[in-house]
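Structure at a glance
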There are 2 protein chains.
Amino acid sequence: MDAIDRQLVALLLEDGRLTYQELARAVRLSANTTADRVRKLHASGVIRGYHATLDHTAIGRPLHLISDLRLREGTDNDEFHRGLAGIPQVIEAFRVTGEYDYQIRVACTGTEEFEGVLAVLKREHGVREVRSRLLLHHIPLTPGSILEL
Amino acid sequence: MDAIDRQLVALLLEDGRLTYQELARAVRLSANTTADRVRKLHASGVIRGYHATLDHTAIGRPLHLISDLRLREGTDNDEFHRGLAGIPQVIEAFRVTGEYDYQIRVACTGTEEFEGVLAVLKREHGVREVRSRLLLHHIPLTPGSILEL
DNA sequence: TATGAAATTTTTAGCCA
DNA sequence: TGGCTAAAAATTTCATA
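What counts, and where the lines are drawn
Residues numbered from 1 in each chain as written. Chains lettered and ligands numbered in written order. Predicted model: local features only at pLDDT ≥ 70, side-chain atom pairs only at ≥ 80, totals over all residues. Heavy atoms only, no water. Near = heavy atom within 4 Å. Polar contact = N/O pair within 3.5 Å; in protein donor to acceptor, adjacent residues only side chain to side chain. Helix = DSSP H or I, 4+ residues; strand = E, 2+ residues; numbered from the N terminus. Axes fitted to C-alpha atoms, helices over the stretch in contact; angles between N-to-C directions. Parallel < 35°, antiparallel > 145°, perpendicular 65-115°, else oblique. Contact = heavy atoms within 4.5 Å. Nonpolar A, V, L, I, M, F, W, Y, C, P; charged D, E, K, R; others polar. Salt bridge = Lys/Arg side-chain N within 4 Å of Asp/Glu carboxyl O. Buried < 20%, exposed > 50% of the residue type's maximum accessible area, 1.4 Å probe, protein only. Phe/Tyr/Trp six-rings, centres within 6.5 Å; stacked < 30°, edge-to-face > 60°. Lys NZ or Arg CZ within 6 Å of the ring centre and 35° of its normal. Domains from an automatic or database assignment. UniProt positions renumbered as here; feature names shortened; annotations may be inferred. Buried area = accessible area lost by both parts, 1.4 Å probe. Pairing = 2+ DSSP bridges.

1. Focus on the protein's contact with DNA strand C
Residues in contact with DNA strand C, as listed here, are A:Leu29, A:Ser30, A:Asn32, A:Thr33, A:Arg37, B:Thr19, B:Tyr20, B:Gln21, B:Asn32 and B:Arg39. Near-protein atoms of DNA strand C (within 4 Å) split between backbone and bases, with sugar and phosphate holding 60%. Within the contact set of DNA strand C, a phosphate oxygen lies 2.8 Å away from a side-chain nitrogen or oxygen of A:Arg37. The greatest single-element share of the surface near DNA strand C, amounting to 3 residues, is contributed by helix H3 (residues 31–43) of chain A.

Structure follows, in structure tokens:
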């Protein structure tokens, strides 16, 4: 994990479909060596994976919310995780400390759909309390900057 | 945006580096037609982009937190956004409604570093109040399921 | 880490229903 | 429009040093 690896990761954070040749030009190595390095970064777990990013608004789900969830006593964690994975509107989920147990991010067609998601969470998945806020705007950052530290 | 497009997007959400040939095999079209469709999905904005995902723990930042931020009166939003982008430990940021104005996700080497981030936010970027919780576990979901609706 | 050849993939252009 | 084939260009992989 030297300076060149950090550069490669930074480039791939920006555009995960850059070819090895393009990466190679940027770091001034051969395409081959570059491919080796990138594969090793993936194999070693530094790069967890590559993923397309979806515009949920463009597919008809413009209502985005962050909800804190508290579970009822005795709700099984793994079962709850599987339950979350079964709700398509839930696009991200974290176990957290503090007042609530989980925080999820949700993308819905509208308020009625969100109401349905909440109802399912409470009725079928052991959710006792919810606090939600509307997600207004995703602030664009420069994820690669963390590698410069 | 028909059933095949949805299948393609779902595949690329899982693995953003799948080749057009691999995608083509999965949806039983020619590599060419598949490439056309994927390029159109990107051009039309359904696919926002492709990005490598970093394992922050693997690069020495195992402390992950979610912090709610409230800004002081009169703090300029765009200026604040630029400020956030200048803090490498901030890996995601949203403008939200509710009790707080923003929610950010942070990855740090340890508590001292996080303390430093909080200090900078308050001293230099107009943050008035912070509420943080530790991020314990990222629940793995199936992002493509949203396309099946 | 680099080189060069082989295999694969992507792009381009033209064509068909 | 949506799909295809085929040839050309680009890229990746593999063997070797």
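Next comes the rest of the account.
2. As for the packing of helix H1 (residues 3–14) of chain B against helix H3 (residues 31–43) of chain B
All names here are of chain B. At a minimum axis separation of 10 Å, H1 and H3 run at an interaxial angle of 75°. Viewed along their axes, H1 and H3 adopt a mutual orientation that is roughly perpendicular. Facing H1, whose interface residues are Ile4, Asp5, Leu8, Val9 and Leu12, H3 presents Thr34, Arg37, Val38 and Leu41. Its residues placed into classes, the contact of H1 with H3 shows 6 nonpolar, 1 polar and 2 charged.

3. Digging into the pattern of salt bridges
Evaluation of the coordinates by the stated rule reveals 22 salt bridges over all chains. Of the charged contacts, one joins A:Glu92 and A:Arg105 as a salt bridge, the two residues approaching to 2.6 Å between their closest N and O atoms. Taken together, the residues span a long stretch of sequence, with A:Glu92 in strand S3 (residues 90–96) and A:Arg105 in strand S4 (residues 102–108) at a distance of 13 residues. For the salt bridge of A:Glu99 with B:Arg131, the shortest nitrogen-to-oxygen distance reads 3.8 Å. Here the residue A:Glu99 occupies a position in the loop between S3 and S4, and B:Arg131 occupies one in strand S5 (residues 127–138), the pair thus bridging two chains. Given the relative accessible area of 48%, A:Glu99 is considered partly exposed. A network of salt bridges, in which partner residues are shared, links A:Asp68, A:Arg131, A:Arg133 and B:Glu99.

4. A short note on the packing of aromatic side chains
For the coordinates displayed, the defined rule picks out 2 aromatic pairs over all chains. An angle of 55° between the planes, with centres 4.6 Å apart, marks the rings of B:Phe80 and B:Tyr102 as tilted. Within this pair, whereas B:Phe80 is found in helix H4 (residues 77–85), its partner B:Tyr102 is found in strand S4 (residues 102–108), the two being separated by 22 residues in sequence. Like B:Tyr102, B:Phe80 is buried. Between A:Arg17 and the ring centre of B:Tyr50, over which it is positioned, the NZ or CZ distance is 5.3 Å.

5. What to know about the domain arrangement of chain A
The assigned domain composition of chain A is domain 1 (3–43) and domain 2 (63–134). Domain 1 of chain A and domain 2 of chain A are separated by 37 Å when their C-alpha centres are compared.

6. Re the UniProt feature "domain: HTH asnC-type" (unreviewed entry) in chain A
Taking the numbering used here, the UniProt-annotated feature "domain: HTH asnC-type" (unreviewed entry) corresponds to residues 1–62 of chain A. Summarising residues 1–62 of chain A: 53% helix, 13% strand, and an end-to-end C-alpha distance of 40 Å.

7. Concerning the environment of B:Gly144
Residues and elements named next belong to chain B. Relative to the elements of secondary structure, glycine 144 occurs in the segment after S5. Looking at glycine 144, the relative accessible area reads 7%, which means it is buried. Put simply, glycine 144 and arginine 6 are 138 residues apart on the chain and 8.4 Å apart in space, counted from C-alpha to C-alpha. Not counting residues up to four positions away in its chain, the partners in contact with glycine 144 are Ala10 and Leu13.

8. Overview of the interface of chain A and chain B
The interface of chain A with chain B comprises 61 residues on the first partner and 61 residues on the second. Taken together, both faces of the contact between chain A and chain B bury some 5700 Å²; the carbon and sulfur share is 60%. In terms of surface lost to chain B, no three residues of chain A exceed A:Arg17, A:Leu141 and A:Ile146, which account for 13% of the buried area on that side. Across the chain A-chain B interface, the total number found is 4 salt bridges. Of all elements in the fold, only helix H1 (3–14), strand S1 (47–54), strand S2 (63–71), helix H4 (77–85), S3, S4 and strand S5 (127–138) of chain A reach the threshold of two or more residues within the side of chain A that touches chain B. Ranked by the residues each element gives to the side of chain A that touches chain B, the list is headed by S1(A), at 8 residues. Where S3(A) meets S5(B), 3 bridges bridge the pair, whose relative direction is antiparallel. Residue pairing across strands places A:Arg95 opposite B:His137, the latter belonging to S5(B).

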